[in-house]
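# Observations on chain architecture
What follows is each chain in one-letter form.
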Amino acid sequence: SYDTTASQASWFFHVLARRDDWQVRLREELAGVALEDIDTAELPQLRAFICEIERMHPSGLFFPRVALEDIEYGGYTIPKDTPVFYCPYLTHRDPAEYPNPNTFDPDRWISGDARTATLVGFGGGPRVCLGKAFAQTQLRVMTRALLVQYRLEPDPTCEPSYQGVPVYHPVGSRVRFVAA
């Protein structure tokens, strides 16, 4: 789970550095929360931002599975033992599940416009990544530790690109930490 945690943290700070509005919102929400209370505090803004990062930038772009029995789907039969793949990247961009799916909008998680049942960036059901809760706790702690002291900004001298495998992550993205 190290790679998925690193991927989510990379996306989190890559996006946050480009969103002054969310830095302000998160800083205000975290202002009265002690670091030792970060995992039990109600932090709807931070939760929403973390969920939207997972939705827009899932660490795994696809997951392999094997059909355990014959399955009828869309007028086709998928025979037992057939390798199948599902793609969180595409699932998270389904307009039937997420209005304006290509727009980064953490508020969808606060307003109730998002459905957590289809948020599968760390897998889902009995096969959900065991490190998901740990990764989210790490993001909460890092965000609290950084935003109380710093404002984040992208390094204007770099032009990031993106790598899809083995995990989806920004490459060459640098973030500057400026005293708040």
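Look up: the structure comes first, before these words.
So, a few notes on the structure that sits alongside this text.

If you tally the helices and strands in the protein chain, you get 6 helices and 8 strands. In sequence order, the protein chain lays out its α and β elements as α-α-α-β-β-β-β-α-α-α-β-β-β-β. Principal-axis analysis of the C-alpha atoms gives the protein chain an extent of 60 × 35 × 30 Å. Counting only residues that meet the buried cut, the protein chain has 39% of its 180 residues in that class. Restricting to contacts in the protein chain with at least 6 residues of sequence separation, those with at least 24 account for 65%.

Two numbers describe how helix H2 (residues 20-30) lies on helix H3 (residues 44-56): the axes approach to 8 Å, and their chain directions differ by 140°. Overall, the two elements H2 and H3 adopt an arrangement that is oblique. Here Trp22, Arg25, Leu26, Glu29 and Leu30 of H2 come into contact with H3, specifically with Pro44, Gln45, Leu46 and Phe49. Here the contact of H2 with H3 is composed, by residue class, of 6 nonpolar, 1 polar and 2 charged.

Reading guide: rules and limits
Residues numbered from 1 in each chain as written. Predicted model: local features only at pLDDT ≥ 70, side-chain atom pairs only at ≥ 80, totals over all residues. Heavy atoms only, no water. Helix = DSSP H or I, 4+ residues; strand = E, 2+ residues; numbered from the N terminus. Buried < 20%, exposed > 50% of the residue type's maximum accessible area, 1.4 Å probe, protein only. Contact = heavy atoms within 4.5 Å. Axes fitted to C-alpha atoms, helices over the stretch in contact; angles between N-to-C directions. Parallel < 35°, antiparallel > 145°, perpendicular 65-115°, else oblique. Nonpolar A, V, L, I, M, F, W, Y, C, P; charged D, E, K, R; others polar.

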